[in-house]
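Understanding the architecture of this molecule
Here are the chains, one letter per residue:
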Amino acid sequence: MSFGRIDARPLSADGQITSVICPVRDEMGLLPHFLDHHRRLGIRQFILIDNASSDGTTEYILSQPDCIVYYTDERYYESAYARNWINRIIVDNNYAGWLIYLDADEHLVYRGVEDSPVQGFLKRLEAEGADSALAVMVDMYPDGDFASVKIEPHDNLHAKLPWFDSDYVMRPWPTRPWDRKQAAFRLQVLGGPRCRLLSDLERERRRGALRYTIDNQVDRFVDFVPLPLMPALARIWPREMPEQEKKPVNFVRPGFVYMNSHSSSNSREAGELVALLHFKFCHELQQRLRYSAVEGNHHRRGLAHHQLDMALHRWGRRSLTYAGSRRYGDPRDLEAVGLIGPRPATLWKQGAREFVTRDAPPHADGRPEECAATQTFTAAALPVEHSRQGLTGGKASV
């Protein structure tokens, strides 16, 4: 198996330039949008790990003057889902400073992004002594049948996938009494269209640590299940909810490591939540699910991919929009319902037990009213009749 640089550009690793690092494979539909968005934020260096692309991705990123390109033909599964590749690049280059770890279908947004480039945002984090920022993954989806929406390099991505869910529950990840206390806060985000496809928000909100412990017993035997039998296992095993929280923004110093694609060794989380606009619900999703079914190259050999594929077949060609769908214009639309900004940080800054986004009546232009935005609270202070309002829509990252 090979792994190494295939470009000849100088790599800045001394903290003078903030980099985005991203594993890619056959990303020509979304990659131009990814690069353009983050260039507009002020990113000047992209470290891309090409995992044996065959659709022109390799040639495209080699032609981009701000892209550092690594190439590997190692299986994604064997790299611990890109974690080992990224940690190796950090160590080999003595990387120090801010690093942003994203996938090619994710666009970073934060409070005030329309007025402040990424360096201003990072200075805000430094001023409060933070070494990382937590993010919610906000799935974006189109009008009508998403499977018919094909993304081209010159499309307006936000016009093609303009909708997001406004109903989410955030909380500390459920733990058992004997679990070791972690230095870093572990966020759990419930909600979004994948939750509506696989389950419903209120049902998932009731799940606790015991249920997760039982469900996770699949790890004891899933690697021994023949790939042709994975669909059968997916039908009988409890549906796995996607992990919709990440820690993509980190300050790298000696000893730093990514634990996986969703977490790192840093533990001083910023006092605000950021978002990753997740452009998954388009023609690209079905391609990814087919890859997973054939290769068994993802978490739990693609168990969650099989379950999502089955849910999509049950859903058919109906639109994913529902009463809680909101049209995205800019990050203020996310802040208005509590999906970004300082309000969710009561979970890790003040010990709140739960944070529920609150939908708001839209403006004439489709934006929610700021005055009816999300409230923070502890579960004990929330009346039961209000705690379930607007929540029902009709650990793997998919």
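In case you missed it, the structure is sitting above this.
Here is a short report on the structure shown in this document. (Residues numbered from 1 in each chain as written. Predicted model: local features only at pLDDT ≥ 70, side-chain atom pairs only at ≥ 80, totals over all residues. Heavy atoms only, no water.)

It is worth spelling out the environment of Ile 47 at this point. By secondary structure assignment, the location of Ile 47 is in strand β3 (residues 45-51). Looking at Ile 47, the relative accessible area reads 1%, which means it is buried. Excluding anything up to four places from it in sequence, Ile 47 contacts Leu 11, Ser 19, Val 20, Ile 21, Cys 22, Ile 68, Tyr 70, Ile 89 and Tyr 95. (Helix = DSSP H or I, 4+ residues; strand = E, 2+ residues; numbered from the N terminus. Buried < 20%, exposed > 50% of the residue type's maximum accessible area, 1.4 Å probe, protein only. Contact = heavy atoms within 4.5 Å.)

Attention now moves to the nonpolar core. Here is a general trend for soluble globular proteins: nonpolar side chains tend to be buried in one another's company. Counting residues in each nonpolar core, the largest one holds 33 residues, and the members touching the most others are Leu 108, Leu 125 and Val 249. Here the element with the most residues in this core is helix α4 (residues 118-127); it accounts for four residues. Setting aside anything within four residues of it in sequence, one finds Val 249 in contact with Trp 98, Leu 99, Ile 100, Leu 108, Phe 121, Leu 122, Leu 125, Asp 131, Ser 132 and Ala 133. Listed in part, the 31 residues of the second largest apolar core include Leu 161, Ala 275, Leu 277 and Phe 279. (Core = buried A, V, L, I, M, F, W, Y, C linked by side-chain atoms within 4.5 Å.)

Moving on, we come to the sheet that holds strand β7 (residues 132-139). If you walk across this open sheet you meet the nine strands as β1-β4-β3-β2-β5-β11-β7-β14-β6, and the pairing is mixed. Each edge of the open sheet is held by one strand with a lone partner, namely β1 (3-5) and β6 (106-109). Mean inter-strand twist for the sheet, computed between neighbouring axes without regard to direction, equals 25°. Bridge count between β1 and strand β4 (residues 67-72): three bridges; the pairing is antiparallel. Each bridged residue has a counterpart across the sheet, and for Gly 4 the counterpart in β4 is Tyr 71. Packed onto the sheet, helix α1 (residues 31-40) meets β2 (19-24), β3, β4 and β6 and runs at close to 15° relative to β6. On the sheet, helix α3 (residues 83-92) packs against β1, β2, β3, β4, β5 (97-101) and β11 (245-252) and is oriented at approximately 135° with respect to β3. (Pairing = 2+ DSSP bridges. Axes fitted to C-alpha atoms, helices over the stretch in contact; angles between N-to-C directions.)

Taken by themselves, the reported measurements are silent on function.
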